[in-house]
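Close look at the chain arrangement
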Amino acid sequence: MSTELNGGKKKPNSFNASKVTTQTVVDMKFRGEAISMLTAYDYTMAKLVDAANVDIILVGDSASNVMAGNETTLPMTLDHMIYHTSCVVKGVDRALVVADLPFMSYQVTTKEALISAGRMMKEAGAHAIKVEGGAPIVDTVKRIVDAGIPVMGHLGLTPQSIYKFGTYKVRATEDLEAEQLMSDAIRLQEAGCFGLVLEKIPSKLSKKVTEELDIPTIGIGAGPHCDGQVLVLHDMLGLNKDFHPRFLRRYADLHTDIVNAVGNYVKDVKSRDFPNDQEQYN
Ligand code: KIV
């Protein structure tokens, strides 16, 4: 078995049967087994998420908001995403690592898209890439898949198009947009996508799309009928107090925990309680 996965940076023989592959997640859909997906952008968080047995780690371009403090995902560059993805890959033993191609790294020409996808695989060691959009990128998806690179699609609220939408509201509530979304989903599957993120669309529509497709759908704000669910890690851990959309379930309140822990450290330093006798070298 090859030892050259992950751009040759991982330990030898890291490819084994317990690793999640694109085929694993397609098989999970057929077994009716729900697929878990979370974002991660760095080595430490990726190691934690992988240890908790998440199936897919998405190096999302939401790193733009979460890590860089930008308002949108648009400022993210391919080099930024390659950096984040290479950090994540080093922390992962089991999960499938999918990396977002950022805004304008795949929309201009198919050739440029293929070069971007290739860099993400070669330089970062991603296992697959994700792109946003339907009909306009179908040929590009096909070309990338033909080159041996697995592609995940993303329909519904696609944040790279936020200036076209003008709002983060639920998409495809009207028949015309819902029909377009269904047609896009089928075309992305035909182009070779192994999976599809559905973001912020009505549950009824995501159910129809999920039933229609052979590839798994992964929902965020798309209801319970998708084959899997994805959340932004920092949101579900409660690191961000200001973001509370209806679809978000918080599994921790790390904002409070971290502010308290840091506050206690500051208090102990100021009172000279830290370091004590055991916390120094004599
Ligand atoms: O960038 C991201 O985190 C995403 C998820 C919200 C699906 O695309």
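Rules and cut-offs
- Residues numbered from 1 in each chain as written.
- Predicted model: local features only at pLDDT ≥ 70, side-chain atom pairs only at ≥ 80, totals over all residues.
- Heavy atoms only, no water.
- Helix = DSSP H or I, 4+ residues; strand = E, 2+ residues; numbered from the N terminus.
- Buried < 20%, exposed > 50% of the residue type's maximum accessible area, 1.4 Å probe, protein only.
- Near = heavy atom within 4 Å.
- Polar contact = N/O pair within 3.5 Å; in protein donor to acceptor, adjacent residues only side chain to side chain.
- Areas by Shrake-Rupley, 256 points an atom, 1.4 Å probe, with all protein chains shown as cover.
- Nonpolar A, V, L, I, M, F, W, Y, C, P; charged D, E, K, R; others polar.
- Axes fitted to C-alpha atoms, helices over the stretch in contact; angles between N-to-C directions.
- Parallel < 35°, antiparallel > 145°, perpendicular 65-115°, else oblique.
- Left-handed = near helix turned anticlockwise from the far one by under 90°.
- Contact = heavy atoms within 4.5 Å.
- Pairing = 2+ DSSP bridges.
- Phe/Tyr/Trp six-rings, centres within 6.5 Å; stacked < 30°, edge-to-face > 60°.
- Lys NZ or Arg CZ within 6 Å of the ring centre and 35° of its normal.
- Expected span 1.5 Å × (residues − 1).
- Domains from an automatic or database assignment.
- Buried area = accessible area lost by both parts, 1.4 Å probe.
- Salt bridge = Lys/Arg side-chain N within 4 Å of Asp/Glu carboxyl O.

**As for unusual backbone geometry**
Here the amide bond leading from F274 into P275 is cis, since omega sits at -5°, within 30 degrees of zero. Mapped onto the elements of the fold, P275 is located in the segment after α11 (254-270). One non-glycine residue with positive phi stands out, namely M104, at about 70°. By the secondary structure assignment, M104 is in the loop between β3 (96-100) and α5 (110-124). Relative accessible area serves as the criterion here: at 40%, M104 is assigned to the partly exposed category.

**Let's talk about the site of the ligand**
Around the ligand, the neighbouring residues are T39, L58, G60, D61, S62, D100, K130, H154, V197, E199, I220 and V232. With respect to the ligand, the side chain of D61 contributes an N or O atom lying 3.2 Å from an oxygen atom. Between D100 and the ligand, the recorded distance is 3.2 Å, taken from a side-chain N or O atom to an oxygen atom. Within the complex, 96% of the 260 Å² of free accessible area of the ligand lies under protein. Among the residues forming the shell around the ligand, the class breakdown is 4 nonpolar, 4 polar and 4 charged.

**A few points about the packing of α5 against helix α6 (residues 138-146)**
Packed helix pairs are specified by the crossing angle of their axes together with the interaxial distance, meaning the distance between the axes. Axis separation between α5 and α6 bottoms out at 9 Å; the angle between their running directions is 45°. What the angle tells us is that α5 and α6 run oblique. The hand of the α5/α6 crossing is right-handed. Taking contact as the criterion, the partners of T110, A113, L114 and A117 in α5 are, on α6, T140, R143 and I144. Here the contact of α5 with α6 is composed, by residue class, of 4 nonpolar, 2 polar and 1 charged.

**Re the pairing of strand β8 (residues 228-231)**
Across 4 bridges, strand β1 (residues 35-39) lies against β8 in parallel orientation. The residue of β8 that forms the bridge with S36 is Q229. Bridge count between strand β7 (residues 217-220) and β8: 2 bridges; the pairing is parallel. Each bridged residue has a counterpart across the sheet, and for I218 the counterpart in β8 is G228.

**Quick word on the packing of aromatic side chains**
One pass over the structure, following the stated rule, counts 1 aromatic pair. When the ring centre of F165 is taken as origin, the NZ or CZ atom of R171, which lies over that ring, is 3.9 Å away.

**Quick look at helix α8 (residues 175-191)**
With 17 residues, α8 should reach 24 Å at 1.5 Å per residue; the first-to-last C-alpha distance of 24 Å fits that figure. Among the residues making up α8, those that are buried are A178, L181, M182, D184, A185, L188 and A191. Summarising the contacts, the buried residues of α8 are in contact with α6, β5 (151-156), β6 (195-199) and α9 (203-212).

**Some points on the domain arrangement of the chain**
Its domain assignment divides the chain into domain 1 (22-251) and domain 2 (253-282). Of note, the centres of domain 1 and domain 2, computed from C-alpha atoms alone, are 39 Å apart. The largest share of the area that domain 1 buries against domain 2 comes from L237, L239 and K241, three residues that together contribute 80% of it. Counting the contacts that link domain 1 with domain 2 gives 1 salt bridge.

**As for the sheet that holds strand β2 (residues 56-59)**
The 8 strands are arranged β1-β2-β3-β4-β5-β6-β7-β8 in a closed barrel whose pairing can be described as parallel. Strand-to-strand twist across the sheet, computed as the mean angle between neighbouring axes with direction ignored, equals 25°. Pairing between β2 and β3: 4 bridges, direction parallel. By the bridge assignment for β3, I57 is matched with V97. Against the sheet, α5 makes contact with β3 and β4 (128-130), and its axis sits at roughly 135° relative to β4, the strand it touches most.

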